[in-house]
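# Observations on the model geometry
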Amino acid sequence: MELVLLTAIGVGGATVIGAIIGFMFREISHRFSDIVLSFAAGVMLSAAVLGLILPSVEYGGKYALLVTVAGIFTGALSLNIIDKLVPHMHKFVGTDSEQHPDANLSKVLLFVTAIAIHNLPEGIAAGVGFGSGDSARALMIAGGIALQNIPEGMVIIGPMLASGVTPRKTFICAMLTGLVEVIGTLIGYFAVSVASFILPFALAFAGGTMLYVISDEMIPETHAHGSERGATYALLAGFCIMLISDVLLG
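Residues numbered from 1 in each chain as written. Predicted model: local features only at pLDDT ≥ 70, side-chain atom pairs only at ≥ 80, totals over all residues. Heavy atoms only, no water.

Where helix α1 (residues 2–24) contacts helix α5 (residues 135–162), the two axes come as close as 6 Å, and the packing angle between them is 30°. As summarised for this structure, α1 and α5 are arranged roughly parallel, according to the angle between their axes. Judged by the sense of rotation from one axis to the other, the crossing of α1 with α5 is right-handed. Contacts between α1 and α5 involve Leu3, Thr7, Gly10, Val11, Ala14, Thr15, Gly18, Ala19, Ile21, Gly22 and Phe23 on the former and, on the latter, Ser135, Leu139, Ala142, Ile145, Ala146, Asn149, Ile150, Gly153, Met154, Ile157 and Leu161. In the contact of α1 with α5, the residues fall into 14 nonpolar, eight polar and no charged. (Axes fitted to C-alpha atoms, helices over the stretch in contact; angles between N-to-C directions. Helix = DSSP H or I, 4+ residues; strand = E, 2+ residues; numbered from the N terminus. Parallel < 35°, antiparallel > 145°, perpendicular 65-115°, else oblique. Left-handed = near helix turned anticlockwise from the far one by under 90°. Contact = heavy atoms within 4.5 Å. Nonpolar A, V, L, I, M, F, W, Y, C, P; charged D, E, K, R; others polar.)

Okay, here's the thing in structure tokens:
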């Protein structure tokens, strides 16, 4: 339990680390952000497939493929529904000097809401990973999610400060998005601990949510500013590094 709690804090704390970096370097280029986020997407993709979806098939028993496929689509559809029900923005559109400051602030808050929405299932994925009993693989998943949280924390700082939010409130918002991830990790862990029979479905569900975030948000965002070639190779590098780590740890 101590390892799970420390992992939860580490995963959520990665957002705070990113926020601190964001305060230090407020003008982060799109190219740099896209490369880092793409690398993180590759890490998450590998973690989702190797750490969640394939183990779901292994633990699924007689109806393994059916359970896994159902879990993947249920996870993706759940995020899709949340996307439609909760007002938010998938990405922040840069501030415009002719816009009213309140309009800019609303955009930023919607963007932060989007990050918080997707931090919950990512946290659940980290927690569910420990339910398999394979701590090394669970830490790999958590590490991939934490790595992805750093650029997320970085990119929310500049727009919030530019919209008139005080540094103190900006940092608190970043901490709250990280806290959501901590809560999600604990939810995922306790859910599979209380009802271990749901583990195969829960693993696939968590994998589906991660695949949804990667395809629906991370890849489009990293290919929107002219750095798609570099972003593609960064994703492949992230995937391969996690693949190598999984083989060596296995």
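In this section: the environment of Ala41. Mapping Ala41 onto the fold places it in helix α2 (residues 30–59). Spatially, the C-alpha atom of Ala41 lies 8.4 Å from that of Gly144, the residues being 103 residues apart in sequence. Among all residues touching Ala41, those that are not within four sequence positions of it are Ile214, Met218 and Leu235.

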